[in-house]
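# Observations on the model geometry
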Amino acid sequence: MRYRIKERKGSLLIKLDGKALDNEEARLRRVLLPLLRRHGVKVVINLTGLDELGIPELGVLGAIRQEVKAQDGTLRLCALQDKLRAQFDWNPFLQVYALYHDLESSFSQMPDLPLKRSA
C-alpha cells in the first residue's frame with residue numbers, strides 16, 4: 001500500500017493507494033503513525049485508490065483510528081468506491097467511521113479543537 005500525505009486546511013490528508021501487504025501494520029507503525037502523534041490531530045483519509053477492503057486494509061484503518069482517538073483527534077474517511085461504501089453500510093463494526101462522499105464535504109465543519117470528554 002502506498003501512503004500519500006499532505007497537509008490541507010489544518011488537517012492531514014492521507015491518500016491510500018493499492019492493496020495492503022500482510023506486514024502492512026508494521027510498516028504503518030514506522031511510517032505513518034508517528035505523524036499522527038500530536039494532540040487534537042485532524043485526519044482525512046482519501047480511499048479512492050484503495051483496491052479492496054480486506055483484513056489487512058481494515059487493520060490499517062483500525063490502527064490509524066486508534067492513534068487518532070488516543071490523541072483526542074478527528075478522523076474522517078472520504079471518496080469510497082461504491083462497492084467499498086456498501087461494506088461500510090452493512091457491517092456494524094465499520095459504522096464507527098465518519099464517511100463522506102468527497103474531499104470538500106469531509107473538510108466541512110471540521111472542528112477547530114477536539115471535543116472535551118466529560119468525566
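Right above here is the structure, for reference.
What you see is a predicted model, and the numbers here were worked out from it, not measured in a lab.

Here the focus is helix α3 (residues 82-90). Note on helix geometry: an α-helix contains 3.6 residues per turn, so any two residues three or four positions apart are oriented the same way. Among the residues of α3, Leu 84, Arg 85 and Phe 88 are the ones counted as buried. Relative to the axis of α3, the buried residues are bounded by an arc of 100° and lie together on one face. Opposite the buried face of α3, by more than 90 degrees, sit the exposed residues Asp 82, Lys 83 and Trp 90. Among the structural elements, β3 (42-50), α2 (55-70), β4 (74-78) and β5 (98-100) are those in contact with the buried residues of α3.

Core analysis: the largest hydrophobic core is formed by 28 residues, its most contacted members being Leu 16, Leu 36, Ile 45, Leu 61 and Ile 64. The set of elements that each furnish at least two residues to this core consists of β2 (11-18), β3, α2, β4 and α3. Examining the composition of this core, we find that five residues originate from one element, α2, more than from any other. In this view, Leu 16 contacts Met 1, Arg 2, Tyr 3, Ile 45, Asn 46, Leu 47, Gly 49, Leu 50, Val 60 and Leu 61; residues no more than four positions away in its chain are not counted. With six residues, the next largest nonpolar core counts Leu 13, Val 44, Ala 79 and Phe 107 among its residues.

Another aspect to go through is the sheet that holds β2. Taken in spatial order, the five strands of this open sheet run β1-β2-β3-β4-β5, and their pairing is mixed. Two strands in the sheet have a free side with no partner beyond their single neighbour: β1 (2-8) and β5. Adjacent strand axes in the sheet meet at a mean angle of 25°, parallel and antiparallel pairs treated alike. Strand direction decides the pairing type here: β4 and β5, joined by three bridges, are parallel. Of the residues in β5, the one forming a bridge with Leu 77 is Leu 99.

For the rest of this paragraph, the subject is unusual backbone geometry. Here Lys 9, not a glycine, exhibits a phi torsion of approximately 55°, which is positive. Examined against the element boundaries, Lys 9 turns out to sit in the loop between β1 and β2. When its relative accessible area of 55% is taken as the criterion, Lys 9 is described as exposed. In this structure, Asp 72 takes a positive phi of about 55° despite not being glycine.

Our next topic: the pairing of β1. Inspection of the sheet shows β1 paired to β2 by seven bridges, in the antiparallel sense. Each bridged residue has a counterpart across the sheet, and for Lys 6 the counterpart in β2 is Leu 13. Between β1 and β2, which pair antiparallel and follow one another directly, the connecting turn spans two residues, one of which, Lys 9, has a positive phi of 55°.

Of all five residues in β4, five are buried; the element is thus mostly enclosed. Burial along β4 is two-sided: the residues Thr 74, Arg 76 and Cys 78 and Leu 75 and Leu 77 are all buried. As paired strands, β3 and β4 are joined by five bridges and run parallel to one another. Looking across to β4, one finds that Asn 46 is bridged to Cys 78. This β-α-β element, β4 to α3 to β5, shows right-handed connectivity.

Conventions adopted
- Residues numbered from 1 in each chain as written.
- Predicted model: local features only at pLDDT ≥ 70, side-chain atom pairs only at ≥ 80, totals over all residues.
- Heavy atoms only, no water.
- Buried < 20%, exposed > 50% of the residue type's maximum accessible area, 1.4 Å probe, protein only.
- Helix = DSSP H or I, 4+ residues; strand = E, 2+ residues; numbered from the N terminus.
- Arc of directions from axis to C-beta.
- Contact = heavy atoms within 4.5 Å.
- Core = buried A, V, L, I, M, F, W, Y, C linked by side-chain atoms within 4.5 Å.
- Pairing = 2+ DSSP bridges.
- Axes fitted to C-alpha atoms, helices over the stretch in contact; angles between N-to-C directions.
- Right-handed = clockwise from strand over helix to strand, strands pointing away.

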